[in-house]
Amino acid sequence: GAGVSQSPRYKVAKRGQDVALRCDPISGHVSLFWYQQALGQGPEFLTYFQNEAQLDKSGLPSDRFFAERPEGSVSTLKIQRTQQEDSAVYLCASSLWGSNQPQHFGDGTRLSIL
Amino acid sequence: GENVEQHPSTLSVQEGDSAVIKCTYSDSASNYFPWYKQELGKRPQLIIDIRSNVGEKKDQRIAVTLNKTAKHFSLHITETQPEDSAVYFCAARLSNTGNQFYFGTGTSLTVIP
């Protein structure tokens, strides 16, 4: 595709439910990043993939957060037993190779936990 | 993030004037510094970036300067236009943590026509 695609754009869930957010990176981009952006703040790093390998997950806030990229293209960020503090915009970005290359962002998924 | 500080948080300028946004970082080994523009409800878009082996980079009305000794870098927008109004984020790749990027808290720029 022409750019990074994320779905859904908006997600409303009740506290305690599980959610799954999808990211389709730019074709051929090896590196994929997930960020969490709270209102009025900058994106905060969650995790990084190089192809299918999750090389860095140090930013995931708890073990309720899980990300995967099984075939080295599409990635899914899953949040189990959601809590109100999980409400944020979740951004996905991809780059050609590595983290010192320009990252191209998707439009994000706005997650609201009721 | 705590590793990147950005100032000011808000900035208003008259159309045609210049705008300057500054960021400082903590890790002297940081080597890649992009700037992103984010309009309300939209994705962050890369507008310019600089690597640690150069001190300045320009692209039309936008320039970025890097002072490695002082560990700060700045975004300069000249001849501002109303469409420059947005939130601007700086970021730094902290090389000693591998692949993590830390973003500043953002500067909301308003260009007054």
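Right, let's walk through the structure included here. (Residues numbered from 1 in each chain as written. Chains lettered and ligands numbered in written order. Predicted model: local features only at pLDDT ≥ 70, side-chain atom pairs only at ≥ 80, totals over all residues. Heavy atoms only, no water.)

## Comments concerning the overall build of chain B
Part 1 of the argument: Broken down by element type, chain B carries zero helices and eleven strands.
Part 2 of the argument: Ordered by position from the N terminus, the helices and strands of chain B form the series β-β-β-β-β-β-β-β-β-β-β.
Part 3 of the argument: Its C-alpha atoms give chain B a radius of gyration of 13 Å, within 12% of the compact-globule value 13 Å for 113 residues.
Part 4 of the argument: In terms of overall dimensions, chain B has a C-alpha envelope of 45 × 30 × 20 Å along the principal axes.
Part 5 of the argument: By the burial criterion, 44% of the 113 residues in chain B qualify as buried.
Part 6 of the argument: Considering only contacts in chain B between residues 6 or more positions apart, those separated by 24 or more positions represent 53%.
Part 7 of the argument: When the accessible surface of chain B is totalled, it reaches about 5500 Å², and 46% of it is carbon and sulfur. (Helix = DSSP H or I, 4+ residues; strand = E, 2+ residues; numbered from the N terminus. Rg over C-alpha atoms; globule rule 2.2 N^0.38 Å. Buried < 20%, exposed > 50% of the residue type's maximum accessible area, 1.4 Å probe, protein only. Contact = heavy atoms within 4.5 Å. Areas by Shrake-Rupley, 256 points an atom, 1.4 Å probe, with all protein chains shown as cover.)

## Some thoughts on the pattern of salt bridges
Part 1 of the argument: For the coordinates displayed, the defined rule picks out seven salt bridges over all chains.
Part 2 of the argument: Its salt-bridge partner being A:Asp24, residue A:Arg22 comes within 3.7 Å of it at the nearest N-O pair.
Part 3 of the argument: A:Arg22 gets classed as partly exposed once you look at its relative accessible area, which sits at 40%.
Part 4 of the argument: What makes A:Asp24 partly exposed here is its relative accessible area of 30%.
Part 5 of the argument: In this structure, the salt-bridge partner of B:Arg43 is A:Asp107, at a minimum N-O distance of 2.8 Å. With B:Arg43 in the loop between β4 (32-38) and β5 (45-51) and A:Asp107 in the loop between β10 (104-105) and β11 (109-113), this pair bridges two chains.
Part 6 of the argument: The partly exposed category is assigned to B:Arg43, whose relative accessible area is 24%. (Salt bridge = Lys/Arg side-chain N within 4 Å of Asp/Glu carboxyl O.)

## Observations regarding the interface of chain B and chain A
Part 1 of the argument: The interface of chain B with chain A comprises 19 residues on the first partner and 22 residues on the second.
Part 2 of the argument: Across the chain B to chain A interface the summed buried area is about 1800 Å²; carbon plus sulfur atoms make up 47%.
Part 3 of the argument: The three residues of chain B that bury the most area against chain A are B:Arg43, B:Asn99 and B:Phe103, which together make up 34% of that side's buried surface.
Part 4 of the argument: On the surface where chain B and chain A come into contact, there are one salt bridge.
Part 5 of the argument: On the surface where chain B and chain A come into contact, there are five residue pairs in polar contact (both at pLDDT 80 or more).
Part 6 of the argument: Elements with a contribution of two residues or more to the side of chain B that touches chain A: β4, β5, β9 (86-93) and β10 (101-103) of chain B.
Part 7 of the argument: By residue class, the composition of the side of chain B that touches chain A is seven nonpolar, eight polar and four charged. (Buried area = accessible area lost by both parts, 1.4 Å probe. Polar contact = N/O pair within 3.5 Å; in protein donor to acceptor, adjacent residues only side chain to side chain. Nonpolar A, V, L, I, M, F, W, Y, C, P; charged D, E, K, R; others polar.)

## Quick word on the nonpolar core
Part 1 of the argument: Residues B:Trp35, B:Phe73, B:Leu75, B:Tyr88 and B:Leu109 are the most contacted members of the largest nonpolar core, which totals 25 residues.
Part 2 of the argument: At the level of secondary structure, the elements contributing two or more residues to this core comprise β2 (10-14), β3 (19-25), β4, β5, β7 (62-67), β8 (72-77), β9 and β11 (107-112) of chain B.
Part 3 of the argument: Those residues in contact with B:Tyr88 that lie beyond four places of it in its chain are B:Gln6, B:Ile21, B:Tyr36, B:Lys37, B:Ile47, B:Leu75, B:Ile77, B:Gly106, B:Thr107 and B:Leu109.
Part 4 of the argument: Among the nonpolar cores identified, the runner-up in size contains 20 residues, and A:Ala13, A:Ile26, A:Phe65 and A:Tyr90 belong to it. (Core = buried A, V, L, I, M, F, W, Y, C linked by side-chain atoms within 4.5 Å.)

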